[in-house]
Amino acid sequence: VYCATWNKDEPTETNWYSNANGTSFSGPAVAGGAALMQQYYKQLNNNYMLSSTLRGLICHTATDLTMWGAKKVTGPDPKTGYGLMNIEAAIELINENKTDSEKITERALTNNEVFNLSYTTSTESSDKKLIVTLAWNDPFKPELLTDGDLVNDLDVRVYNDDGIFYPWKLDTADITAPALKGDNLVDNLEKIEIDAPNGNYVIEVSHKGILEEDQVFSLIVSGNGE
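For the structure given in this document, a descriptive report is provided here. (Residues numbered from 1 in each chain as written. Predicted model: local features only at pLDDT ≥ 70, side-chain atom pairs only at ≥ 80, totals over all residues. Heavy atoms only, no water.)

Side note on the nonpolar core
Rules: Side-chain atoms within 4.5 Å are what join buried Ala, Val, Leu, Ile, Met, Phe, Trp, Tyr and Cys residues into a set we call a nonpolar core. Throughout, exposure labels follow a simple rule: accessible area from a 1.4 Å probe, protein chains only, divided by the maximum for the residue type, with under 20% read as buried, over 50% as exposed, and the rest as partly exposed. When checking whether two residues touch, look at their non-hydrogen atoms; a contact exists if any pair is within 4.5 Å.
Val 132, Ile 203, Phe 217 and Leu 219 are the most contacted members of the largest nonpolar core, which totals 21 residues. With sequence-adjacent residues up to four places away left out, Leu 219 is seen in contact with Lys 103, Ile 104, Thr 105, Phe 115, Leu 117, Val 132, Thr 133, Leu 134, Val 156, Ile 203 and Val 205. If you look at the next biggest cluster of nonpolar residues, it comprises 13 residues, including Met 37, Met 85, Leu 93 and Ile 94.

A few points about the environment of Ser 118
Going by this rule: In this description a helix means any DSSP run of H or I spanning at least four residues, a strand means any run of E spanning at least two, and both kinds are numbered starting from the N terminus.
Of note, Ser 118 is situated in strand β6 (residues 115-120). The exposed category is assigned to Ser 118, whose relative accessible area is 59%. With 116 residues separating them in the primary sequence, Ser 118 and Tyr 2 have C-alpha atoms 46 Å apart. Ignoring sequence-local partners within four residues, the contact set of Ser 118 consists of Tyr 201 and Glu 226.

A word on unusual backbone geometry
One non-glycine residue, Asn 46, lies in the positive phi region at around 60°. Mapped onto the fold, Asn 46 is located in the loop between α1 (23-45) and α2 (51-61). In this structure Asn 46 comes out as exposed when scored by relative accessible area, which is 63%. At Ala 196, a residue that is not glycine, the phi angle is positive and equals roughly 45°. Within the secondary structure, Ala 196 is located in the loop between β12 (189-194) and β13 (200-207).

Here we look at helix α3 (residues 87-99)
Convention followed: Throughout, the arc means the angular range of directions from the helix axis out to the C-beta atoms. Any N or O atom pair separated by 3.5 Å or less is treated as a polar contact, with the protein-specific requirement of one donor-capable and one acceptor-capable atom, and with residues adjacent in sequence counted only for side-chain atom pairs.
Looking at α3, one finds that the buried residues are Ala 90, Leu 93, Ile 94 and Asn 97. Projected down its long axis, α3 carries its buried residues within an arc of 100°, all on one side. Those residues of α3 that are exposed and aimed more than 90 degrees away from the buried face are Glu 88 and Thr 99. Among the structural elements, α1, α2, β5 (104-109) and β14 (215-222) are those in contact with the buried residues of α3. Sitting at the amino-terminal end of α3 is Asn 86, which places a side-chain oxygen 3.4 Å from the backbone nitrogen of Glu 88.

Shown next, in the form of C-alpha cells:
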C-alpha cells in the first residue's frame, strides 16, 4: 500500500510517502470488503449471511497466490492462506445465488445426518472448476487435547462415477510444501477444487464422532453447472 510516512532524516517535512505491507494494511482492506459483501447480500435477501458463510465465501472466491519466493505452491499455504480476496468474484456468486439458491446453503447438521446435494455440469466438460467450500463455527472448547482439536469435525466430499474428491489440507511434515488433498482433521473450513468437471456429481456433508448439538454450517458451490 502506498501511504503517508515519516522520514527521520527530515522530521519537519510533511510530504513523504512510501510502500508498506502487513496486517495493519490487509486487515482494514479485508474488513471493508467483507462489509460490502454483507451489505450487498442484505440488499438482495433482506438478511445478513452467517459469519461462516462470509468466511467461506472469501476463501471460496480468493485468487490463489502461487508464488512463495522462488517456489510455486498451488492451493492454500501458511504464507498466503487461500490467496488474495476477490470481492468481484464473491459478489458475482452472491448474485448467482439469487437465481440458483443452492449456490449458498445455510443449514444445521443433526447427529448422524448426511446432507447431499446433486450437481450436474452444463456441458459435457468444462474448463471452469467445480469448487465446493464447507465452513462452520466450531463450538468453544476449554481444553485442546491435541493441536487442531475440533469439537465437531465436519467433512465435505464430492463423488462421481470415477471416485471421491477430497479437500485441501496442509502437509504437516513440511508446511512449505504444496498442499495435499485428503481427510482434513484440523480446519473448520474445507475446500474442494475439481478441474474440468464433467457429468454428474454428489456433494456430501457429514461428520465424525457424535454431535452433542446440531451444527450449523455453510456450503458454497460454484462452477459451470446446476
